[in-house]
Structure formats: C-alpha cells, structure tokens
Amino acid sequence: MELSEVRYSALNLTHNCNLRCSYCYAGPKRQRPMSLRTALQAIDFLAGQSKGRCTITLFGGEPLLEFGLIQQLVEYSRKTYDSKIAFRMSTNGTLITPEVLQFFQEYDIYFALSIDGNQAQHDVCRRYASNRGSYQNISDRLQAIFKFNPYTIAVSVIVPETAHYLAAGVKDLFDKGFRYVLQTLDYSAQWKSKDITVLKGQYKQLADYYADSLKAGKKIFYSPFDERIKTWAQKSRGPGDICDLANSQIAIAPSGRIYPCVQFIGSDDGVWTENSIGDVSIGFDSNKRKHFIAWNYEDRQSCVGCDLYGRCATYCGCVNWRATGDLCTVPPIICEHERALMPIVDAMANKLWDKKIPLFKRKFYEKSYPVSSYIEDCLVKRGGKHA
Amino acid sequence: MLRIEPIKSYKIPRYPQGLYYERPDTHHWKIAGGIASVAMLALLVSSCKPVGVVGPPPLPPDMVTEREARTIIDGVFARNGIDLQADVPFSFSLGDQNPINLELDGFNKDLNIGYEYISSEDQTTFTQEVIAELDKACESNVGGPHIKTIGTEYIYGEAEDAYEDLENTIQNFIADLRSRGII
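Residues take numbers from 1 onward in each chain, read along the sequence in its written order. In the order they appear in the text, chains get letters beginning with A and ligands get numbers beginning with 1. Residues qualify for local features only when their pLDDT is at least 70, as the model is predicted, and side-chain atom pairs are given and counted only at 80 or more; totals for whole chains, interfaces and linings, by contrast, use all residues.

A.B. asks: Just checking my understanding: could you explain the overall build of chain A for this structure?
C.D. replies: We count a stretch as a helix when DSSP gives it H or I for four or more residues in a row; a strand needs E for two or more, and each element gets its number in order from the N terminus. What chain A contains, in helices and strands, is 14 helices and 11 strands. Taking 21 Å as the expected radius of gyration for a compact globule of 387 residues, we find that chain A reaches 21 Å, a close match to that expectation. Taken along its principal axes, the extent of the C-alpha atoms in chain A is 55 × 55 × 45 Å. The exposure label follows from counting other C-beta atoms within 10 Å of a residue's C-beta, where the C-beta atoms are placed from the backbone and the thresholds are 20 or more for buried and 12 or fewer for exposed, leaving partly exposed in between. The 387 residues of chain A split such that 48% are buried. Contact criterion: two residues are in contact if their C-beta atoms, reconstructed from the backbone, are within 7 Å. Across chain A, every contact between residues at least 6 apart in sequence was considered, and the portion connecting residues at least 24 apart equals 73%. Note that the radius of gyration is over C-alpha atoms, with the globule rule given as 2.2 Å times the number of residues to the power 0.38.

So, in structure tokens, the structure goes:
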C-alpha cells in the first residue's frame, strides 16, 4: 500500500472547552493542554511528512483557551518552516478578541466558526457549563470577524431537536453575512422517521431560498446542496475523497499521540489509545496506520448497487465509525437523510439548469470559478470604494 | 424505523454531468474580459487582500506567497548558474519622466538580469506602465535590463502544480535569454 503525504492535520491543543455542546464528540472536558514541547514536536513531525504544504487546523476542546500556546507554536513554525505550514482553526468563537484577530491577521490564520443557526436553534445545543446559551456572545463578535475575513465559514450541526429550525437558521446565517455554511447532521443522535419528514420540509424551503439567491446572483455556499450537486455535475466520490483518515489527513492529541481523525481521540486514554497510529515523538506506527487506511478504503457493502453510491456521505469513515463502530458500516440515518435530500437537491438543480441561471453554471461547470469569483469580488470592492 | 435501502431506479438528473464549460455572458465577465493583459490582471489581483483557502470551493484561491515564490525562483536561477542578489535597489526611467526607484526581488548586476514577483505590496511601484516598459526592455537583444515580472501565482489544486508553473516560467525566461545570446 502506498501511503500519502500528510497534507492536513488537526492539532488538538486541549481537551478543555468553555462550552458544553450536547453533540460534542470530544472526550471529557478537562484541563490538560498540549505542552509547548509537544506542540513544537508536532510541527517538526508534520513538516517532515510532506514535501509540499501541510495545513494544520488548530482544534480542541476550544483552541483559543490556549492562545498563548498558539502564538508560540505559530511563531516557531513561521520562523522555522515559513509558509510550508499553513494554519487554520476551528473555534466556538466566544473567546475571539481584537488581539486574537490581530495575531491571526499577521499570520494569515483563518478559522471556521461553529454556529448552528439563529439564536433559538444555536442555544439548544451550544451552551456554557452554566447552561447559558452562547449565541449572543458570538453574535456580538460577528462584525469584527467579517471585517477580519468576509469569507469566514459557519459550521452548523443539526440534531433532531433542532431539525424544525433548519431553514430559518440557515437563512439567518446568510442574512448575518456568512457566505459559506457547512452543515451536517449529528449522525450519532437518535433520529426517528418523523424527524426525516421534518428535514424534508425544511430542505424544500431552503431549496427555494437557494435557487432565488443564485438567480439574484448572490454567491452562497450551502454544503448539503453544493456538495451533492458537485457529485453529479463534476465528479462522484470515491474512497478517500471526502475522508482520507490516517493517510493524507490525521489528528494529533494534546499528549502527542497521532490518531486517524479528531473523532478518534476521545479522552486520549484507556481504550481510546487503541486507535492511536503513532506519536509525534517517535513517528507513525506503520502497521496501524495502514490498517485504518485499508479499512476506510473498503466498499460500503450495504450501498453497493445503489444509484446514489458515490454521491452521498457514506464515504466518511469517521462518521460511520462514530455512529456504528465500523468505518464501513453506514448508519441508517445517513441513508434515510440522503434519500430525502438528494431528490430535492437534484430537482432544484434541474430547474436552475433549465433556466440557464448564470451563477449556477459558473459555480458547477466553470473550472476557474473560485478564482474568477474572487477577482470579481475584488473588482466589486474596488468599484465600491471609488464610487 | 430508519433503514438502509439502496435506490435501484433513481431518476437521472437533467443537469449535465462532467465538465461542461460555457462562458456566461454576464456583466461581470464583460468586466473581466476588459482586462486585456495578464499583467493588468495580476496587478488587480495583487492589489486585493489575499485570503487563504479555508474550506471547500468556491472559496478565494490560495496563492503562492512571495516567500515561497522567491525561494523557487532563486533556485531556478541558481541551477542555471546565475547568482542573484536579493532586494536590489533599481532605478528605471519611464520615457521622459524622472527615474522610478524600484527594488527588485532578485538581480544580477553583471548580467543585468533579474526578476520581480509582484505581490500586493509591490503594486504601487510596479504599475502597469512600469511592467510594460520592463517587458519591452526584455525584448531587446542588447542592453536590457532583462527583468522578468511575474504576477501572483494561484494554487488551483495541488500546490506543487503552481510551484512547477512558476519554475517553468523562469526556466523559459532563462532559455529565451540564452537562445537570443543574451546570457
């Protein structure tokens, strides 16, 4: 088996978090941050794993609880490896300050913000240890965040209790100024048939909104729609395409242990360490790494022969593992969800194609769209300034 | 009860499959189409704040940073036996106007050749007129100077592809100078 270079790694800086989100898959919250020594070892290790650029996502717990550590490791990385290593971050946003943004600006660190939707939806799951909702705290920071990076991504998770908020929540995110919303279900939650019915209704509402937005030339990215259109219009998915765990993407725990993905770290002790595929101080355990890769690349037997195979989310081994304990055993909720969602998405895409909506064509059929869109944004911005 | 149920007769979508390209005739593209030269385009882009790729497309493209570019370009020159000095002050006349003071990313005074990777910081000095004039001087078979100006290199997929593009650009530049007997 030929191993890939490591291109993406999550660096889990701490098990601790100031929130207690109900769907969090990280282990118990405790004060056990990564040491500076381990962090620098991790940087050295990752720099040696790829000839090209490696992107490190600062992760947790809440990584900004360790902002001092972030500053030290980023400065070390820049000084030692220059732009060979790029940093990104996944954050709950509650600890963002002008000082943080200034540092991130200086070092080109962009982050994805965990925000589920509108306040009613968000505060169902994303609460402080005191049980207070965290929405207001994030909302207060949005203006500064968009000034820092207008392309900041919203990451949203839907649980059965918030399914009925889905459409209003997503619209609210776009109204607030987000252009990119990545959304997924909590596949490990207890979903029921009636929840799927609710989701269907919500997606139908959103399909109208999405279509109207594209017709009006509004550039929005909504992952449940965009990703599924892409798997038809551009390229269907194969093993490793959306989830290349243990191979080109890995995760490093605060202890320095290497895991196939952040979802395998858990409490990073006891049985969890059986998932470890190495340690930054000694390198990979090749056999364990290959075992996970080969396992993830196996066919999803329950899906063979399905017309939607290669278009849906069943290739994410981490999600399968978390819900079923097996990388290749797909939880029924994924299948139900895809069967509900795909026809809605395709029907909407058919209409947009039939009506020759320029933005739809550019977005899904023009290879240079990301760069042409960006240039266009710059031109509009420049035009606006001089107007 | 939720279940896995493979679909055997899914209605095929009508929107096409595979890479289809049709340049839409929108006013945005008319604006872009008006930007005739690559140099002009590079200047416009480099004048924008770079934003890195932070998720799936469509996102602003990542780009080869000035530091990366300079390392790659210096390496190509060095492999061709041309040593360059970094950050060399360079005075350049634009027609009858007073000389313009520039700073080149790399320059060999003996050979009178060098390069400039135009990042956002450089766009105030490396204007369209300056680039055009440098390009014109490059075409000269005598004298020179022969300064290669390179617009921001974008990363569409693999970063290595962008690095390779950059290497090829410089290698072709050197090969051209050699073929014309300049070096």
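On we go from here.
A.B. asks: Would you explain the overall build of chain B in this entry?
C.D. replies: Helix and strand content of chain B: five helices and six strands. Starting at the N terminus and walking to the C terminus, you meet the elements of chain B as α-α-β-α-β-β-β-α-β-β-α. The buried share among the 183 residues of chain B stands at 31%. In chain B, the share of contacts with a sequence separation of at least 24, taken over all contacts with a separation of at least 6, comes to 59%.

A.B. asks: Got a minute to help me understand the nonpolar core in this structure?
C.D. replies: Within soluble globular proteins, side chains that are nonpolar tend to cluster in buried spots. Counting residues in each nonpolar core, the largest one holds 109 residues, and the members touching the most others are Ala154 and Tyr259 of chain A. Setting aside anything within four residues of it in sequence, one finds Ala154 of chain A in contact with Leu113, Ile115, Leu173, Phe178, Tyr180 and Val181 of chain A. If you look at the next biggest cluster of nonpolar residues, it comprises 26 residues, including Ile73, Ile113, Ile131 and Ile147 of chain B. The nonpolar core criterion groups buried Ala, Val, Leu, Ile, Met, Phe, Trp, Tyr and Cys residues into a set whenever they are joined through C-beta atoms within 7 Å.

A.B. asks: When you look at the sheet that holds strand E3 (residues 100-108) of chain B in this model, what are you seeing that I'm missing?
C.D. replies: The pairing of strands in a sheet happens through backbone hydrogen bonds and is either parallel or antiparallel. Residue and element names in this part refer to chain B. When DSSP finds at least two bridges between two strands, those strands are taken to pair. Here four strands make up an open sheet; going across it, the order is E2-E3-E4-E5 and the pairing mixed. One side of each edge strand has no neighbouring strand; the edge strands of this open sheet are strand E2 (85-92) and strand E5 (146-150). Each strand of the sheet is rotated relative to its neighbour by a mean of 40°, with strand direction disregarded. In this structure, E2 lies alongside E3, joined through seven bridges in antiparallel fashion. Directly across from Pro89, in E3, lies its bridge partner Glu103. Relative to the sheet, helix H3 (residues 66-79) contacts E3 and strand E4 (113-117), its axis offset from that of E4 by approximately 160°. The axes are straight lines fitted to the C-alpha atoms, using for helices just the contacting stretch, and the angles between their N-to-C directions are given from 0 to 180°.

A.B. asks: Hey, could you run me through the packing of helix H8 (residues 193-215) of chain A against helix H12 (residues 332-354) of chain A in this one?
C.D. replies: In helix packing, the relevant descriptors are the interaxial angle and the interaxial distance, both defined with respect to the helix axes. Residues and elements named next belong to chain A. Where H8 contacts H12, the two axes come as close as 10 Å, and the packing angle between them is 20°. The angle between H8 and H12 falls in the class roughly parallel. Note on packing geometry: the crossing formed by H8 with H12 is right-handed. Together, Ile196, Leu199, Lys200, Tyr203, Lys204, Ala207, Tyr210, Ala211 and Leu214 of H8 and Glu336, His337, Ala340, Leu341, Ile344, Met348, Lys351 and Leu352 of H12 make up the contact between the two elements. Looking at side-chain class alone, the contact of H8 with H12 contains 12 nonpolar, one polar and four charged residues. Just so you know how the angles are binned, under 35 degrees is roughly parallel, over 145 roughly antiparallel, 65 to 115 roughly perpendicular, and the rest oblique. The sense of a crossing depends on the near helix, which, turned anticlockwise from the far helix by less than a right angle, makes the crossing left-handed and, turned clockwise, makes it right-handed. Three classes are used, and their members are as follows: Ala, Val, Leu, Ile, Met, Phe, Trp, Tyr, Cys and Pro are nonpolar, Asp, Glu, Lys and Arg are charged, and the others, Gly among them, are polar.

A.B. asks: Please clarify how helix H7 (residues 166-176) of chain A should be interpreted in this entry.
C.D. replies: One full turn of an α-helix is made of 3.6 residues, so residues set three or four places apart face in the same direction. Residue and element names in this part refer to chain A. Residues of H7 that are buried include every one of Leu166, Gly169, Val170 and Leu173, and no others. For H7, the angular spread of the buried residues around the axis is 95°, confining them to a single face. Its buried side turned inward, H7 meets helix H4 (119-125), strand E5 (153-158), strand E6 (180-185), H8 and strand E7 (221-222). Gly177 sits one or two positions beyond H7 and adopts a positive phi of about 125°. Working note: the arc is built from the helix axis to C-beta atom directions.

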